Amino acid sequence: MKKIVAAALTAALMMLCMTALGEETVLTPVELNVDSLEYVDETHYLIARDADSRLYGLYNTDGEMLIPCEYGLLAYADYGFFEAINEDGLNTHALLRADGQAVTGWEYAAFEILNEKWGLAVTLEPTESEDYDYSGGFLGGGEHYVVTAYDVYDLEAGQKVGSLSREDCDTAVPHGDYLYVEDRQEVIHVYDKTLTPVDVEVTSLYNAYDEVDGNAVCLSDGLVIAEDVYSAYEDTDTGYIKVSGSNGMRLVDAEGNVLVPEGFDSIGMVYDGYVTVEQDGLYGLYDLAGGKLVVPCEYDEIYDFGLATIYRYVYNGYVCVEKDGKVGFVDTNGQVTCELKYGAAGVTQHGCTITVTDLDGSIYIVAADGTQTQTDFDEVDEYSGGDGSLLIVSKNDAYGLVDWHGNEVLPLEYASYDITITDYADAVIVDDTLMVR
């Protein structure tokens, strides 16, 4: 987009904010000298291209510059790290933090970010062999590439701790301060935080805990993290361990700290600091940070909803629940905020709202605070993005934006791809213009 066009769109949207939004939701344009904005899913980051230099940098969803636009390419690598390129060639990439600080040197071709602590920095060379590790001319050189080395980094410290050869590393899985690595002969090796081999035999890349003599034990170092257990299994996404014992199931961390006390029949998936728990066939929601049951075990289902790989139970302070085939909302004090009266089979969840279609085709937007609004839209996008407080709607193939009470935020005059709601609903990108709430 040319700068003059961006300025004109910003001015038009500013007028819209002052005249059409009402009191519910106000979006304020942020003037940025960019001609491209790419939202990074599950984050508060925007990869931007400067309108003059055509180089890339990073902003947050408040419109604050985090990394100056001075790189030929900037791409999200995961867990808050970014891959940057500042010159042509194969092994010319570096890994940056979101503040622009380099974690590695500029001698790498690719990165495999395992979690917040562990990462592999990869050097490559072209190959004509059918046995290759990476493909694609975007890396420079030929179409197929083979690994020459995996440099292992402690990303928290920003330090290289060692290196593994291609034969030494086929798959790597982190477990706290330990790294489980399967080589190309399918043998699993355990390394400590200095990449020193640990003399221990394990049978799985994905579970570093097991029951030994009635205790839950860390297989890497023999540390007992829980007593009176029948089984112990690690959630590799969080590093937490589900432990079953004579008094039911509990959830502990790698140091043995109890996150969810025993007494529950089952413990579900952890999303965004909350986890479902079950007692006598009914489900509730446990707040790990608060250390308490915030939704009692009274419901047939606790709904989760999300895009890409991010899921949540709590949206804008509300939880969608189902009982006896009816759906509604409760807050994080367990209080019902929207009566459970909507048939589950006819409900579509959008975070802290649901939509229900009447027999005549009319779509109702039902907010978690209980407000029900009849609309004349053809569709409410099931995957609008955000927490459900903003929704992308369409009529006659034109798209716009409303809030959870059905109030117009953007008029029905856009293409669907012109509107992006960030995952935390703190900003909207409208045709490469950033709008903040």
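Refer to the structure printed above.
For the structure given in this document, a descriptive report is provided here. Just so it is clear, the structure is predicted and the values come from calculations on it, not from any experiment.

All right, on to the environment of Val-319 then. Structurally, Val-319 can be placed in strand E33 (residues 318–323). Judged by relative accessible area, Val-319 falls into the buried class, the value being 0%. Sequence separation between Val-319 and Gly-158 is 161 residues; the distance between their C-alpha atoms is 38 Å. Once residues lying within four places of it in the same chain are set aside, the contact partners of Val-319 are Leu-285, Val-295, Ile-302, Tyr-313, Val-314, Gly-328, Phe-329 and Val-330.

With that settled, consider the state of the cysteines. For the coordinates displayed, the defined rule picks out 0 disulfides. No disulfide involves Cys-338; its nearest neighbouring cysteine sulfur is the one of Cys-320, lying 8.4 Å away. Exposure remark for Cys-338: the relative accessible area of 2% places this residue in the buried category.

Turning to the sheet that holds strand E17 (residues 197–198), a few remarks are in order. Strand order in this open sheet of 4 strands is E14-E15-E16-E17, and the pairing throughout is antiparallel. Both outer strands of the open sheet, strand E14 (171–175) and E17, are each paired with one neighbouring strand and no more. Pairing between strand E15 (residues 178–182) and strand E16 (residues 188–191): 4 bridges, direction antiparallel. Looking at the pairing, Glu-182 lines up with Ile-188 of E16.

This part is about the pairing of strand E8 (residues 93–97). On a regular strand, each side chain points to the face opposite its neighbour's, so the side chains alternate between the two faces of the sheet. Buried residues dominate E8, accounting for 5 of its 5 residues. Side chains His-93, Leu-95 and Arg-97 of E8 all project onto a buried face; the interleaved residues Ala-94 and Leu-96 project onto the opposite face, where all are buried too. As judged from the 5 bridges shared by strand E7 (residues 81–85) and E8, these two strands associate in the antiparallel manner. Counterpart to Phe-82 in the pairing with E8 is Leu-96.

Here the focus is the packing of aromatic side chains. Applying the stated rule across the entire model yields 11 aromatic pairs. Summarising the aromatic geometry, the rings of Tyr-271 and Tyr-313 are spaced 5.1 Å apart at their centres and angled 40° between planes, so their arrangement reads as tilted. Here Tyr-271, found in strand E25 (residues 266–271), pairs with Tyr-313, found in the loop between strand E31 (310–312) and strand E32 (314–315); they are 42 residues apart in sequence, far enough to count as distant. Summarising the burial analysis for this pair, Tyr-271 and Tyr-313 share the class buried. Among the aromatic residues, those joined into a ring-pair cluster are Tyr-45, Tyr-76 and Phe-82. The ring centre of Trp-118 lies 5.6 Å from the NZ or CZ of Lys-117, which sits over that ring. The ring centre of Tyr-424 lies 4.5 Å from the NZ or CZ of Arg-312, which sits over that ring.

Before going further, it helps to spend a moment on the sheet that holds strand E24 (residues 258–264). Here 4 strands make up an open sheet; going across it, the order is E21-E22-E23-E24 and the pairing antiparallel. Each edge of the open sheet is held by one strand with a lone partner, namely strand E21 (231–235) and E24. With strand direction ignored, the average angle separating the axes of adjacent strands in the sheet is 15°. The sheet contact formed by E21 and strand E22 (residues 240–245) spans 5 bridges and is antiparallel.

Turning to the nonpolar core, a few remarks are in order. Buried together is how nonpolar side chains tend to be arranged in soluble globular proteins. With 20 residues, the main nonpolar core has Leu-124, Leu-164 and Leu-179 as its most contacted residues. Going through the elements one at a time, strand E10 (118–126), strand E12 (144–154) and E15 are the ones with two or more residues in this core. Counting residues in each nonpolar core, the second largest holds 18 residues, with Val-190, Tyr-209, Ala-232 and Val-243 among its members.

In terms of residue burial, E10 counts as a mostly covered element, since 7 of its 9 residues are buried. Relative to E10, strand E9 (residues 110–113) runs antiparallel, the two being bridged by 4 bridges. Considered in E10, the bridge of Ala-110 is made with Val-122. Joining the antiparallel neighbours E9 and E10 is a turn of 4 residues. In this sheet, E12 lies alongside E10 in antiparallel orientation, the contact comprising 9 bridges. Its bridge partner lying in E12, Thr-123 is registered against Ala-149.

Rules used throughout
Residues numbered from 1 in each chain as written. Predicted model: local features only at pLDDT ≥ 70, side-chain atom pairs only at ≥ 80, totals over all residues. Heavy atoms only, no water. Helix = DSSP H or I, 4+ residues; strand = E, 2+ residues; numbered from the N terminus. Buried < 20%, exposed > 50% of the residue type's maximum accessible area, 1.4 Å probe, protein only. Contact = heavy atoms within 4.5 Å. Disulfide = S-S within 2.5 Å. Pairing = 2+ DSSP bridges. Phe/Tyr/Trp six-rings, centres within 6.5 Å; stacked < 30°, edge-to-face > 60°. Lys NZ or Arg CZ within 6 Å of the ring centre and 35° of its normal. Axes fitted to C-alpha atoms, helices over the stretch in contact; angles between N-to-C directions. Core = buried A, V, L, I, M, F, W, Y, C linked by side-chain atoms within 4.5 Å.

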